[in-house]
Structure formats: C-alpha cells, structure tokens
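# Working through the structure, step by step
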Amino acid sequence: MSPLRAGKVFKDLLSFLTIIPLGGKEDFIFTTASNMWLFPVVGGFIGLLGGLYYILASTITTFLLNIANIYVALPMAFLGSAIPAAMTIAFLLVLTGLQHFDGLIDLGNALGLRNLHDRKMKAHAWTVTYAGAVLALSIEFIAVAGLILVSPLFAFTAVILAEVSAKLAMVTIVWIGKPSHKGLGSIFLAKAKKPQNIIAYLLSALIVYPVFYFTGYAMLGLAATSLMIISVPVALVMSRVSNHVFGGVSGDMIGATNETTRAITLILFALLLTGVTG
C-alpha cells in the first residue's frame, strides 16, 4: 500500500469511526469496510485522544476540588477518580458521534419483543424505550465504574487498551457474522470477510504492548495485551445475541459490540491491576 493510499484509508477509517471532519469521499464506506482489519489502529488513536483527555480532565478536576475542599469537606479520592472517568467516557461517546451508543439503545428497544419483524422495526425506529435507555446507560455505567476502579496512574493506558480491544471485537463479529438485512452492516459483512483480518489481532498487540512498555510497565503490558483476547468471546456472545434478536448481525450490533467490549475490558483491567498490585 502506497503512502498516499494508506493516508486515504486512514482518513476514511477515521471519518467513519469518529466525528472528526476529514471530508471523506462518497466511497469512504466501502474503503472502510474493505480495510476493517485496520480498525485497531484507529482504536489506538481514539484511545490516545481519550487518554490525553483523561489526563487533562483529571488535572482540572483536582485543581477545582482542592479549591472547593477549602470551603467544604469533599470525598477527594472518589471525586478525583469518578469525575475524570465519567468525563472521559462521555468524551469517547461524543468523539464517535454516539453511533455505537445508538446501537446499544436499538438493541435494548428490540429486546422483549416476540416477533422478528417487530424487533427489526423497533430497532430502526427513532424512539428510545425504557429498556433501550436502561441497557445503554448500564453498559456505559460499567465502563465508567471500570475506569474509576483503575488507578489514575494506569488510566491513560487503560483507555488505549479498551479502545483497541473494542475495535478488535468489531472486526471479530463482522468476520464471523451473517447479515440480518441489507444495509450498512451488510456492506461490512460482505467486504470485511478477508483472511487479513487475522492481522488485526497482531496489530492490536503491537499497539497495546509498546504503550505499556514505554510508560514503564512492560510486565503489566504482557498481561494487558493478553487481556485483549476477551474481545473474541464478547464478539461471539454478541453475535449469538444478534442472531437471536435480529436474525443476523446488523450495524447496530456491531456498534453495541464496541461499547460492550470497552466496558468489559475496563472492568477486567481494573481487576487485573488489583491482582497484580495487591
């Protein structure tokens, strides 16, 4: 792949996965679908932005809490972790245009309906049911809780790990799934079933481990890199859920898989840290 071609592919991938205005051409959907094996690279970039945002949010929050604590006694440790964590997950949702979050809502909207046609119609309706809101907010709450439980010392690396893992899960569910209907999801499932998808797993490791290595936690990096394998069973479970609810994998379920994997990765990484640091 020439440097010019690589630049266009990365720009198209970033245009699809974020709200960054890069002016992707009309074919950017097809370029993205054909190069889905590069999703972890974009995930690493999104995670980098999220990690830097966490550091900024933490710095500002600590400064403001120290001022407020002069006048009112505050639970500094909890607020110092909870506020930046919530702000960072919100930042990631906004950065991705809420499109994956919308997938969670649509899945929740469809759950509980008996008829397959009704489930598909409900998922595509411009409404938010109680079940949809509860499911989506619960998953994001788990993600926030995971980031709260992660020591602030490791929050930067945790965000990168979670985003790479989330994108790897998207690659996996598309690779193994069958389309539920014609639409955006079916374009991906038709064009992304390529042998080079296996490269996505290698790329994920090559992104995550160096981040831990260069921040001085090489041994932890090995465990964290291994933790990314959780993206595979999560994708398998989400694929089965999608088959049951929608009769196949839809674009909504691909997005829901991203959000679910991020949340689970953050929780498991927090537990991993607890076991390592004791």
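Below you will find a few notes about this structure. Worth saying up front: this structure is predicted, and the values here are computed from it rather than measured. Numbering of residues starts from 1 in every chain and runs along the sequence as written. Local features in this predicted model are restricted to residues of pLDDT 70 or higher, and side-chain atom pairs are both shown and tallied only at a pLDDT of 80 or more, whereas totals for entire chains, interfaces and linings draw on every residue. Note that the side-chain values use all heavy atoms of the structure and ignore hydrogens as well as water.

Within the element layout of this structure, alanine 136 appears in helix H7 (residues 130-149). With a 1.4 Å probe rolled over the protein chains alone, any residue whose accessible area is under 20% of its type maximum counts as buried; one over 50% counts as exposed, and the rest are partly exposed. A residue is classified by how much of its surface remains accessible, and alanine 136, at 1% relative accessible area, is buried. Apart from residues lying up to four places away in sequence, alanine 136 is in contact with Phe101, Leu104 and Ile105. The helix count covers DSSP runs of H or I at least four residues long, the strand count covers runs of E at least two residues long, and both are numbered beginning at the N terminus. Should any heavy atoms of two residues lie within 4.5 Å, those residues are considered in contact.

For the rest of this paragraph, the subject is unusual backbone geometry. The phi dihedral of leucine 98 is positive, around 60 degrees, even though this residue is not glycine. With respect to the helices, strands and loops of the structure, leucine 98 is situated in the loop between helix H4 (76-95) and helix H5 (99-110).

Before going further, it helps to examine the nonpolar core. Generally speaking, a soluble globular protein has its nonpolar side chains buried in company with each other. Core analysis: the biggest nonpolar cluster contains 72 residues, and Met36, Phe39, Ile89, Leu147, Phe188, Ile254 and Phe269 have the highest contact counts within it. Not counting residues up to four positions away in its chain, the partners in contact with phenylalanine 39 are Leu13, Phe16, Leu17, Thr32, Lys167, Met170, Val171 and Phe188. What we call a nonpolar core is a set of buried Ala, Val, Leu, Ile, Met, Phe, Trp, Tyr and Cys residues that are connected through their side-chain atoms within 4.5 Å.

It is worth spelling out the pattern of salt bridges at this point. One speaks of a salt bridge when a side-chain nitrogen belonging to Lys or Arg is within 4 Å of a carboxyl oxygen belonging to Asp or Glu. This model, assessed by the stated rule, comprises four salt bridges. With a shortest N-O distance of 3.8 Å, arginine 262 and glutamate 140 are connected by a salt bridge. Pair noted here: arginine 262 is in helix H13 (residues 251-277) and glutamate 140 is in helix H7, with a separation of 122 residues, a long-range link. Look at glutamate 140 and you get buried, because its relative accessible area is 7%. With a shortest N-O distance of 2.9 Å, glutamate 163 and lysine 167 are connected by a salt bridge.

Here we take up the environment of leucine 189. For leucine 189, the position within the fold is in helix H9 (residues 184-191). Given the relative accessible area of 3%, leucine 189 is considered buried. When the C-alpha atoms of leucine 189 and phenylalanine 10 are compared, they prove to be 20 Å apart, with 179 residues separating the residues in sequence. Those residues within four positions of leucine 189 in sequence are excluded, and the remaining contacts are Val174, Gly177, Lys178, Pro179, Val249 and Ile254.

Turning next to the packing of helix H8 (residues 155-176) against helix H12 (residues 231-246). Between N-to-C directions, angles cover 0 to 180 degrees, with each direction set by a line fitted to C-alpha atoms, over the stretch in contact for helices. The geometry of H8 relative to H12 is characterised by a closest axis approach of 8 Å and an angle of 45 degrees between their N-to-C directions. Judged on the interaxial angle alone, H12 and H8 are oblique. For the pair H8 and H12, the sense of crossing is right-handed. The residues of H12 that touch H8, namely those facing Ser165, Leu168, Ala169, Thr172, Ile173 and Ile176, are Ser231, Val232, Ala235, Leu236, Met238 and Ser239. Gly falls in the polar group here, along with every residue not listed as nonpolar (Ala, Val, Leu, Ile, Met, Phe, Trp, Tyr, Cys, Pro) or charged (Asp, Glu, Lys, Arg). In the contact of H8 with H12, the residues fall into eight nonpolar, four polar and no charged. In these notes the angle categories are as follows: under 35 degrees is roughly parallel, over 145 is roughly antiparallel, 65 to 115 is roughly perpendicular, and the rest is oblique. Handedness of each helix crossing follows the sense of rotation of the near helix against the far helix: counterclockwise by less than a right angle gives left-handed, clockwise gives right-handed.

By themselves, these observations are geometric and do not establish any function.
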